[in-house]
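The chain contents come next:
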Amino acid sequence: MMARFEQDKNKLDLTPKRFNMWIFLFTSFMFFAALTSGFIVYIGGKGHALKMNLPVAFMYSTGIIIVSSLTMFLASNAAKKLQFAKQRTFLWATFILGLGFLGMQVYAWYVLAFEMKAYFINPNASISFVYVFSLMHLLHILAGLVLLIVSLVSTYRKTPQVINLFRMEMTSIFWHFVDIIWIYLYVFLLLNQN
């Protein structure tokens, strides 16, 4: 009876946190929608088009983040089946892929700045938008990496399963969200280049 009460109490305590996550995701979505709207308005002016091809590193980072979404899905499934070793393995894989995505994005900035001579401060602000899109997304990736670390730590401790599943759910939702946002941004930029 007492264990059931504690479990019900934990579920009640987690509801506001879940709601906060959805509010954050909605505001992040609106933020990126506003950025892309600003980009569309800007390039509508004469001579403001994005007159360059995106670095190939952006394509590779897109592949990396898609694979990381798959490993995150596998980690969530393992958590639901109480397969903690598999959960840990897939969380570590997702974390490493997240770092790979981050590294590939930084490399893309290097290519933009030093090989393509497309600097952040530029008379054509459409190039600046590319940096802003990727930087804002990277900040979300860093938040996702923090969530992954919290979920990983839970697998090494004797965390109650209800908390473990909650952390996995929140981490998974957030990680898939940043995956979708990057695919949206990448396709959006591809359609607006040259």
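Everything discussed here concerns the structure shown above.
Description of the structure in this document. (Residues numbered from 1 in each chain as written. Predicted model: local features only at pLDDT ≥ 70, side-chain atom pairs only at ≥ 80, totals over all residues. Heavy atoms only, no water.)

Taken as a whole and judged by the stated rule, the model has 15 aromatic pairs. Here the aromatic rings of Phe39 and Phe129 are separated by 5.4 Å at their centres, their planes lie at 85 degrees, and the arrangement is edge-to-face. Taken as a pair, Phe39 in helix 1 (residues 2-43) and Phe129 in helix 4 (residues 125-156) lie far apart in primary sequence, 90 residues in all. For the pair formed by Phe39 and Phe129, the shared burial category is buried. Summarising the aromatic geometry, the rings of Tyr107 and Tyr110 are spaced 6.1 Å apart at their centres and angled 25 degrees between planes, so their arrangement reads as stacked. Here Tyr107 pairs with Tyr110, and both are found in helix 3 (residues 84-115), just three residues apart, close to one helical turn. (Phe/Tyr/Trp six-rings, centres within 6.5 Å; stacked < 30°, edge-to-face > 60°. Helix = DSSP H or I, 4+ residues; strand = E, 2+ residues; numbered from the N terminus. Buried < 20%, exposed > 50% of the residue type's maximum accessible area, 1.4 Å probe, protein only.)

So, on to the packing of helix 2 (residues 56-80) against helix 4. Where helix 2 contacts helix 4, the two axes come as close as 14 Å, and the packing angle between them is 25 degrees. Judged by the inter-axis angle, helix 2 sits roughly parallel to helix 4. Crossing angle aside, the handedness with which helix 2 passes helix 4 is left-handed. Residues Phe58, Ile65 and Met72 of helix 2 form the contact with helix 4, whose own contacting residues are Val130, Ser134, His137, Ile141 and Leu148. In terms of residue class, the contact of helix 2 with helix 4 is built from six nonpolar, two polar and no charged. (Axes fitted to C-alpha atoms, helices over the stretch in contact; angles between N-to-C directions. Parallel < 35°, antiparallel > 145°, perpendicular 65-115°, else oblique. Left-handed = near helix turned anticlockwise from the far one by under 90°. Contact = heavy atoms within 4.5 Å. Nonpolar A, V, L, I, M, F, W, Y, C, P; charged D, E, K, R; others polar.)

So far we have only geometry, and geometry alone does not tell us how the molecule works.
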